[in-house]
Each structure stands twice: as C-alpha cells, then as structure tokens.
Amino acid sequence: MPRAALPVMGHAPSAPSAGSTSSGRTIEIPVSGMHCAACTGRVRSALEQTPGVARAVVNLLTNSATVAFDEGAVTPEHLVERIRSTGYGAELPAPTRTAADEQARQDAARRDEYLDYRRKGAASFVIGAAMMFLPMNARVAWAQLAVTSVVMLWAGRHFYTRAWIAFRHHSADMNTLIAVGTLAAYLFSVTATAAPGIFTRAGLMPDLYFEAVVIIIALILVGNALEARAKGETAGAIRRLIGLQPKTARVLRDGRETDLPVDQVVQGDVLLVRPGERIPVDGEVVSGSSAVDESMLTGEPMPVEKKTGDRVVGGTINRTGAFRYRATTLGAASVLARIVRMMKEAQGTRAPMQRLADRISAVFVPAVLSIAVATFVIWYLVLGGPGLVRALVSAVAVLIIACPCAMGLAVPTAVMVATGKGADLGVLIKGGEALERAGTVTTVVLDKTGTVTAGAPAVTDVRRAPHATVDEPTMLRLLAALESSSEHPLAAAVVAHATSRGLSVPAAGSFEAFAGRGAIGVVEGRAVSAGNAALMAEWGMDVAPLGREADALAEQAKTVVYVGVDGRLAGLVAVADPLKPTSAEAVRRLGALGLEVVLLTGDQPRAADAVARAAGIGRAIAGVLPEGKRDEIARLQREGGIVAMVGDGINDAPALAQADVGIAIGTGSDIAIEAGDITLMRGDLRAAAHAIELSRATARTMRQNLFWAFAYNTIGIPLAAGALYPVLGLLLSPVVASAAMALSSVSVVTNSLRLRRFRPT
Amino acid sequence: MSLDKWLVLAAGVGAIAWLNWHFFRAVRRSGTASAAVSGMQEVLITVRGGYDPAEIHVRAGAPVRLVFDRQETSSCSEEVVLGDFGIRKFLPAHERTAVELTVPAKGRYAITCGMSMLHGTLVAE
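How each quantity is defined
- Residues numbered from 1 in each chain as written.
- Chains lettered and ligands numbered in written order.
- Predicted model: local features only at pLDDT ≥ 70, side-chain atom pairs only at ≥ 80, totals over all residues.
- Heavy atoms only, no water.
- Helix = DSSP H or I, 4+ residues; strand = E, 2+ residues; numbered from the N terminus.
- Buried < 20%, exposed > 50% of the residue type's maximum accessible area, 1.4 Å probe, protein only.
- Contact = heavy atoms within 4.5 Å.
- Areas by Shrake-Rupley, 256 points an atom, 1.4 Å probe, with all protein chains shown as cover.
- Rg over C-alpha atoms; globule rule 2.2 N^0.38 Å.
- Lys, Arg positive; Asp, Glu negative; His and termini not counted.
- Charge placed at Lys NZ, Arg CZ, Asp CG, Glu CD.
- 1 Å grid on protein atoms, 1.4 Å probe; cavity = no way out; pocket = protein on both sides within 12 Å on 5 of 7 lines; lining within 4 Å.
- Points joined across faces, edges and corners; volume = space filled by probe spheres on them.
- Buried area = accessible area lost by both parts, 1.4 Å probe.
- Salt bridge = Lys/Arg side-chain N within 4 Å of Asp/Glu carboxyl O.
- Pairing = 2+ DSSP bridges.
- Axes fitted to C-alpha atoms, helices over the stretch in contact; angles between N-to-C directions.
- Core = buried A, V, L, I, M, F, W, Y, C linked by side-chain atoms within 4.5 Å.
- Parallel < 35°, antiparallel > 145°, perpendicular 65-115°, else oblique.
- Left-handed = near helix turned anticlockwise from the far one by under 90°.
- Nonpolar A, V, L, I, M, F, W, Y, C, P; charged D, E, K, R; others polar.
- Polar contact = N/O pair within 3.5 Å; in protein donor to acceptor, adjacent residues only side chain to side chain.
- pLDDT = per-residue confidence, 0-100.
- Phe/Tyr/Trp six-rings, centres within 6.5 Å; stacked < 30°, edge-to-face > 60°.

A. Structural detail: the overall build of chain B. When helices and strands are counted, chain B shows one helix and eleven strands. Along chain B, helices (α) and strands (β) appear in the sequence α-β-β-β-β-β-β-β-β-β-β-β when read from the amino end. When the 125 residues of chain B are sorted by exposure, 52% land in the buried category. Sequence-distant contacts in chain B: of pairs separated by 6 or more residues, those separated by 24 or more amount to 52%. Summed over its atoms, the accessible surface of chain B is roughly 5400 Å², and 57% of this surface lies on carbon and sulfur atoms.

What follows is the structure, given as structure tokens:
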C-alpha cells in the first residue's frame, strides 16, 4: 500500500515521494527485529542493491520498509526474501484493513476476553465457595494460603501486573484498587497463618480472609465478563451495517458474466443483479428496472422503484426485477463505507456531559486510595489495637466497592447505542455533542421546498369547464402534447401527470409561447391554448365559468392554467409543489414534543401561508433570500430559542451551520452525509422528530447513568468505610462490596443497551 | 493518645501525601515528534497501562502520525480516543497502529482510552 509520505527515522534519502515513478510501484513491507539505526541501514542497503529497486526507505518507528521498484524487474516476494536474507523478519503487507476486518478483530478480542474472564471467574467462584465450607484449623489455613496464591497468580494475575504498570506511569485504574484491596487482605491473612502469635499476644483473633480474596476476584471477573459482553453488544448496529456488504459481484466483462470479489470491481464495470440479490456496489442503472428495498440504510419500509438512470446503493436488496448497472463509487467512497466511517467517528466524539465524568475519573482512584488510608487510620484511632481487623476490613471494602468504570462507561455506551439506533431509523448522528444538543432543542425551523414539500411542481387538481366539448382525458392529452414543446417548469408537471395517468401524448403540430401568459399550438388538427386568464381573453374565451374554483385554488397558492380547445374553454389544471405525504404528520409529532415549528422560505407570503396551513405549521417566515436564512436562524436564537434547522445539505448549508443543530435531509441515494449534525437518510420529515426524540431519550439515559455511577460511589464508599456503623451498626463485608462493584458497571452498560428498544412514538 | 495511634496517624498522613505526590505531582515523561523530511511528524507511543510518553509535543498545522504500540491485551487500552478530532481507533494487541491527523491550532488536546481512564496529552505548539 503506497503511503503519501515517507517517514524519516532511519535512513531516508532526500524526500522522494512514494509512488512517483511512472513505470514502477511502491510497496510498504512490515519488517521485524530491527532495533537501531544500524539495523535500518543494513536492510536499506540490501534493498537498494537489489536490481529493479529504485529506492528504499526503512523506518524504525513503524518497523517497515517503503520500497519503490520496477515491477518488470523484481517482485514483492523477492523483496521480502532479500530482507529476510539480512537476518530480519519480513512479510508481504496485509491488504488495507477494512472496517469489516477491524470490527471482526475487535469482536474476536472481545470474545476471547469474555471467555477468559468467564472461565477464570467461574473456577475462582467454585474454589471460593468450597473454601467457605472447610473447617478451620492450622492445616486448612496453610492449604487455603496455597490455593489462594494460585488463584491470585492465575485468575487475578492481570489485576496485579496492570496495576503495577499503571503505577509506574503515575496513573491508577480499577486494577489498582482491586490489587491493593486484595493484596492487603491476603498479606494480613498470610501473617495470621504464619505468625498467629503476633495477633494473640495483642489480644486479637488471627482471622483469615483467604476465601474473601478468592470470592472477590471471582465476582469481579464475572462482572468483567458480563461487561465485556454488554460492551460488545453496543456495537451491534455497526456490525449490522458492515454485514450488508456482499462479498462477490456478478460483473460483465468481455461479454461474459463473471463472479468477482467485490474489491476487484472497478469503476465503470457493468454489474448484473437478479431479484432477491443484494446490490454489491453503488452505481447507476443502465438497463432493466426493479423495486429495491433500501430500508436497511434509509429506514424507508416501502421498496423504491429503480429504472434506467437511477442510482442504486451497495448493500440494499433488489426485490422484483433484474437489471444491469454501472459501478460508480467503490470502496471507502461508497455510501455504506461512508456511513460506517461516520458512525465510527460519531462514537469517537465526546459528549459534553462526559466532561464532568472525565474530570472525576482523572482523580478518582488516587482519591479512593487516600480515603481507604483515612478509613484505616480513623478506625484505628477510635478502637485502638483491638480494632486493627475492623480497620483493615473497612479499608479493603472501600477499595473494592469503588468503581471508576461505571463513570467511564456512562456516556460513551449511551452514545454508541444511540448512534446505532439512529442508523436503524435512517438517522445518522454526527456524535455525542450533536445528540446532546438535539435533545435540548426548542424550535425547529423547516425549509419549505424539498423539505416540507416534494420539491418538484406537480398537477394537483384538474377541473372540466361546464359545457366543455372535450372530456377530461382528451383535454389532458392535448394539453400535455402542447406543453411537451414548452420548457416552462410547469409544463413538465403537466406532461408527467398525463403520462402517469396512462395517456399517450401525441406530438404538437405547431407551438408558440407567450412569455408570462402561456402558449398556443395545434395538436391533431385542433387549436389548443393553455395559459392565464389574460391569454384566454386574447383568444376570445371567458374564464368566468371556472372563476370561483380558480380563486379557491389560487388561495391555496396553486398556479392555475386554463385550457382552451378549438376556441372554447375546456377546463383548467392547477399546479403546485405538493406537501410530502408525511409532512403534516411530522409537524404534528414535532408539536407533540413541545417544539415550536417555523416554516422558512423564499416564496411569497401567500404561498408560504398556504403550505404552513396545509402542514399545520403555526409560524411562517416568507420572502427570505437563501443568504438571509442564516440571519433568520440567528434572530430566532436571539429570541432565546435553541434552534434546529431542517433543510437540504447544499442550499441551506449556511443556515444548517448557524443553527444549534443542523439536520440535513437526504433524498434516496443522494445523501450529503457529512452536511449536518444529523442527516436524515430519506426525505421523510418524520425522521427529524425521531431524531429529536431519540436524542432526548439518550440524554435521559446519560443522566441516569451518570447519576447512578456518582450515587453508587458516593453512597457505597462511605458505607464501606463504616460511616453508618455508629448509627445503625452497619458494616459492609469486602465480598458484598465486590458484588456491588461488579454489578454497578454492568448495570450502566445494560441501561444504555435499553436504548436499542427505543421506538419513536 | 498511645504511641501506636500516633504512629498509625503519622503513617496514614504520610501515605496520603505520598499518594497525591505520586499521582498528581511527579513528573511524567514527555516526547517530541520527530519531523520528517516529507513534513509528516511522527512519534511512537507505547501503550501499556498508560501512554509513554504521556505528553507529546507536535507542531500545529502540520500532519502528525502517532504510532501506538500496544504491548498488552488488557481491554482498558484497546481503543484510543482523540475526542477533539473525532478519532476512535481500535488498537490490536501487540501491534503498532498509526493514527494520522493534523492539529489545526495551538493548544492541548486529550488522548484517552475508550473509557477515559488512561490519559495523555497532545501539545501543539
């Protein structure tokens, strides 16, 4: 895999850039066993003396050699052999790791971890339980010491090694607490076993806590196993998306159908897809037609019709027909890969709520260690020598019950599950901050054209004039024939309407347009005119018989086109940019969430009011130029609103950026994924309501998690220290503390996983 | 108060003071990225119960390659997060993983593990 830049540690000739030879190729080979500059020098000179090698750069930091070579003279395998001959290890580079590989490795690591914890946890638990039922005498004490040592070294080993490593880095984590807690109990018990006299002379019982050490280790391991499994489940949505990518594609090459691995498909290849098959890569249909199920990406349950010229997206399922299409975007540029990448990035971001947890996590473990020391000292000062055991047990309980993991997991797991749930609903959320802010929105501003409305004019009404000489289908046919010669935007709507009603549109014999008024022409030997009332009057037709209907339609901001045939008024058609079928419901849902909904448009007030009324929007701001939309958002923000703006990602980009939350609305496969804080994968405005509802649910979950994590520690630690002993005589055993600690982080992750069951109302 | 109590009290106060010094005051190692001829700055960070060096100095505005060498299997360090840059990267155990980014402006940026328990700092200057 060629890299853009050649690193320099080691021996670098003066800045040649990789891949610049026209006839050659550049390869990066992982090299192992190098320790110093002399090593890199040996590898480099061996490579450079190989015929066919233009230059070589060896990097100690990345343990790799970047070699530019002539493919005709030397093979990558030969280069590897050459490096090995110098005594260092080398292998051919693995292909670039895809998101799928990375996820698979992560899953495998998680699974191994889970199985390891489970095995060790279960074994320790059985051993600990058996120890509790043994009679107590000196021989048994020594046996317990031996067994406990083995459990600590085998099952609990990583607690001690990791605690030690962290200690050397001047940092501390959960392992530190467990290691110090269990070691304290262990060393006390070892002393009591080996030299019980020390205790009896001081009037103390030489108590043993071996089984407690074993049970604590067992419970924490079981907790870790459950946590590892639950954490794995939070990545379910990414795993599902990655799983959508088919492995092979049926490609037409040299006139033959060949099944190829997807990564061998190149741009411009023509692919074949049969009914029921998954579409392998993004592309554009060149022949055939079908209905494609895009629900896995857009959340849209109805299959989408695809015909020649339409775009299809890799990972979606072809339902009904067979078609051929040309591959367009591949690999990392494909829609699916971009969605996966964006989700991974989203999950890497920090939600603002996390900051508090971060600040506490940073000082948490040293603080707990200090509290444990203080607990020991206070108990000892109160009870004196006879209180040594009580002091020790309480200090150990403090160490064991404290759980920094719950705080660390509280917010990220919620973000992880919520972004995944969003993807299931066809809503891509850019990160924790976007999620958190979207939950606080008070005002939702909707762009009109393309967001609330379909974005394309369409015929909404057809009226036949009283006493007309032609029937409605004939009128429409003749009108469409006339308009098919016109370039007016309304004309396309008329032609599309006639075609959709199955009418065959004849060719117009002659055609003449009158700017601002309409057009006339001859179709099948009949004189056809279409236009406003002025045009009709010019040609001697009175539109009064349709006057009342026309006024009513104009009141709804529809454009009325009168139609005349053979000099007599035949009827009218009304053209408008219709509401999307789901817009009114979406506005109702947004209102039900307590949000103020505002329509923002460049149209005239009458058109804006008509759309606002039809969609149920209370407030419309009309006549705003595209560049003025940003100022309007700013004005709403000054009024005190936390504003979400919903619009397309291209024209409305400045307004989306100005808003507290920018929601970009996608249309099928043309998705400006990176445009907003939140991207709706389909044109359905209801998804905006889903996104806000999901954000609120997520913020709630984060707050619950943080509250639980803080409350757990602020209640648990004093309890373990024995704060309630003077009042209630209540003391916590370290074993109970370990069970509580194991459950606390699992409960936080489990609470986050509840978001998977989120259903928009 | 008896002598043993005085001793325990003194030892306790000493232990708490030492803990705070060790975890908050003691000097941590820092490293500076070596700038390559190509303009790419590079630094190798060992991931083993923490980040070593824990403070990495880089030049603002130029591309940086952070190479994380994770020498353990502990899941605590399996992900590295540079939240300011929207980066969350899985680090396979016993492998080197490169993270490339450009720090646009001077400042201190946090490097943490997936759970914000391990801490490092990227200092752009």
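B. Summary view of the overall build of chain A. In terms of regular secondary structure, chain A is built from 27 helices and 27 strands. Taking 27 Å as the expected radius of gyration for a compact globule of 761 residues, we find that chain A reaches 36 Å, considerably beyond that expectation. Across its three principal axes, chain A shows a C-alpha extent of roughly 125 × 80 × 45 Å. In chain A, which comprises 761 residues, the proportion classed as buried is 53%. Across chain A, contacts joining residues at least 24 apart in sequence account for 69% of those joining residues at least 6 apart. Just so you have it, chain A exposes about 32200 Å², and 58% of that area is on carbon and sulfur atoms. Of the side-chain charges in chain A, 74 are positive and 67 negative, and the distance between the mean point of each set is 8 Å.

C. Geometry of the layout of surface pockets. There is about 900 Å³ of room inside the second largest pocket. If you go around the second largest pocket, you meet 41 residues; those closest to its centre are Arg-350 and Asp-358 of chain A together with Ala-110, Thr-112 and His-119 of chain B. Of all the secondary structure elements, the ones that give two or more residues to the lining of the second largest pocket are α12 (354-383) and α15 (432-438) of chain A together with α1 (3-25), β4 (51-52), β7 (79-82) and β10 (107-113) of chain B. Sort the elements by how many residues they give to the lining of the second largest pocket and α12 of chain A lands first, with seven residues.

D. Structural detail: the interface of chain B and chain A. Chain B puts 57 residues into the contact, and the matching count from chain A is 61 residues. A buried area of about 4800 Å², summed over both sides, lies between chain B and chain A, and 61% of it is on carbon and sulfur atoms. If you sort the residues of chain B by the area they bury against chain A, Phe-90, Met-115 and Met-117 of chain B come out on top, with a joint share of 14%. Run the count over chain B and chain A and you get one salt bridge. Between Arg-110 of chain A and Glu-78 of chain B there is a salt bridge, and its shortest N-O distance comes to 2.6 Å. Per-element tally for the side of chain B that touches chain A: the top contributor is α1 of chain B, with 13 residues.

E. Here's a closer look at the sheet that holds strand β26 (residues 661-665) of chain A. All names here are of chain A. Pairing is mixed in the open sheet, where seven strands are placed in the order β15-β27-β26-β25-β16-β23-β24. On the outer flanks of this sheet lie β15 (427-429) and β24 (619-621), each paired with one strand and no other. Mean inter-strand twist for the sheet, computed between neighbouring axes without regard to direction, equals 20 degrees. Sheet topology places strand β16 (residues 443-447) next to strand β23 (residues 596-600); five bridges connect them, and they run parallel. Bridge pairing in β23 places Val-444 opposite Val-597.

F. Quick peek at the sheet that holds strand β10 (residues 290-293) of chain A. Residue and element names in this part refer to chain A. Read from one edge to the other, the open sheet built from three strands follows the order β11-β10-β13, with strand pairing classed as antiparallel. Looking at the sheet topology across the chains shown, the edges are occupied by β11 (304-306) and β13 (317-318). For β10 and β11, the ladder comprises three bridges, and the chain directions are antiparallel. When the sheet's bridge partners are listed, Val-292 is paired in β11 with Val-304.

G. Representation of the pattern of salt bridges. Residue and element names in this part refer to chain A. Scanning the entire structure with this criterion turns up 38 salt bridges over all chains. With a shortest N-O distance of 2.7 Å, Arg-635 and Glu-632 are connected by a salt bridge. Linking Arg-635 with Glu-632, this pair stays in helix α23 (residues 629-638), spanning three residues, or about one helical turn. A relative accessible area of 17% places Glu-632 in the buried class. Its salt-bridge partner being Glu-639, residue Arg-635 comes within 3.3 Å of it at the nearest N-O pair. A cluster of three or more residues bridged by salt bridges with shared partners is formed by Glu-585, Arg-589, Arg-682, Asp-684 and Arg-686.

H. Structural context of the pairing of β16 of chain A. Residues and elements named next belong to chain A. The buried count for β16 comes to five of five residues, which makes it a mostly enclosed element. Sheet topology places β16 next to strand β25 (residues 643-647); four bridges connect them, and they run parallel. Within the sheet, the bridge partner assigned to Val-444 lies in β25 and is Ala-644.

I. Layout of the nonpolar core. With 140 residues, the main nonpolar core has Leu-66, Phe-68 and Leu-122 of chain B as its most contacted residues. Looking at this core element by element, the count peaks at 15 residues for helix α25 (residues 686-721) of chain A. Discounting residues that sit within four places of it in the chain, Leu-66 of chain B has contacts with Val-43, Ile-45, Ile-56, Leu-82, Thr-97, Ala-98, Val-99, Leu-101 and Leu-122 of chain B. By size, the runner-up hydrophobic cluster in this structure holds 24 residues, among which are Val-462, Val-470, Leu-478 and Leu-490 of chain A.

J. Molecular detail of the environment of Ser-583 of chain A. All names here are of chain A. For Ser-583, the location among the structural elements is in helix α21 (residues 583-592). Looking at Ser-583, the relative accessible area reads 0%, which means it is buried. Sequence spacing of Ser-583 and Ala-614 is 31 residues, and the spatial spacing of their C-alpha atoms is 9.3 Å. In this structure, Ser-583 is in contact with Thr-451, Val-452 and Leu-685, ignoring residues within four places of it in sequence.

K. Quick look at the packing of helix α3 (residues 99-132) of chain A against helix α8 (residues 210-233) of chain A. Residue and element names in this part refer to chain A. For the pair α3 and α8, the least separation of the axes is 7 Å and the interaxial angle reads 155 degrees. Taken together, α3 and α8 sit at an angle that is classed as roughly antiparallel. Where α3 crosses over α8, the two elements pack in a sense that is left-handed. Here the contact of α3 with α8 is composed, by residue class, of 17 nonpolar, five polar and seven charged.

L. Region of the structure containing the side chain of Ser-370 of chain A. For Ser-370 of chain A, the location among the structural elements is in helix α12. Of the polar contacts made by the side chain of Ser-370 of chain A, one reaches the backbone oxygen of Pro-366 of chain A; its length is 2.9 Å. Discounting chain neighbours no more than four positions away, the residues touching Ser-370 of chain A are Ile-16, Leu-19 and Asn-20 of chain B.

M. Up close: helix α22 (residues 605-615) of chain A. Of all the positions in α22 of chain A, only Ala-607, Ala-608, Ala-610, Val-611, Ala-612 and Ala-615 of chain A are classed as buried. Each element contacted by the buried residues of α22 of chain A is listed here: α16 (448-452), α20 (547-555), α21, β23 and β24 of chain A.

N. Structural view of the confidence of the model for chain B. Residues and elements named next belong to chain B. Model confidence for chain B is summarised by a mean pLDDT of 83, while 90% of its residues fall at 70 or above. Across chain B, element-level confidence peaks in α1 with a mean pLDDT of 91 and bottoms out in strand β2 (residues 34-35) with 58. Two summary scores accompany this predicted model of the complex, namely pTM at 0.75 and ipTM at 0.72.

O. Up close: the packing of aromatic side chains. Evaluated as defined, the whole model comprises twelve aromatic pairs over all chains. Summarising the aromatic geometry, the rings of Phe-376 of chain A and Tyr-380 of chain A are spaced 6.4 Å apart at their centres and angled 15 degrees between planes, so their arrangement reads as stacked. Taken together, the residues Phe-376 of chain A and Tyr-380 of chain A, both in helix α12 and four residues apart, mark about one turn of the helix. Aromatic pair Tyr-51 of chain B and Phe-68 of chain B: ring centres 6.2 Å apart, planes at 70 degrees, arrangement edge-to-face. A residue pair is termed long-range when its members are at least 10 positions apart, and Tyr-51 of chain B in strand β4 and Phe-68 of chain B in strand β6 (residues 63-70) qualify at 17 residues. The exposure classification of Tyr-51 of chain B matches that of Phe-68 of chain B, with both residues buried. Site record: aromatic cluster; members linked through ring pairs are Trp-164 and Phe-167 of chain A together with Trp-18 and Phe-23 of chain B.

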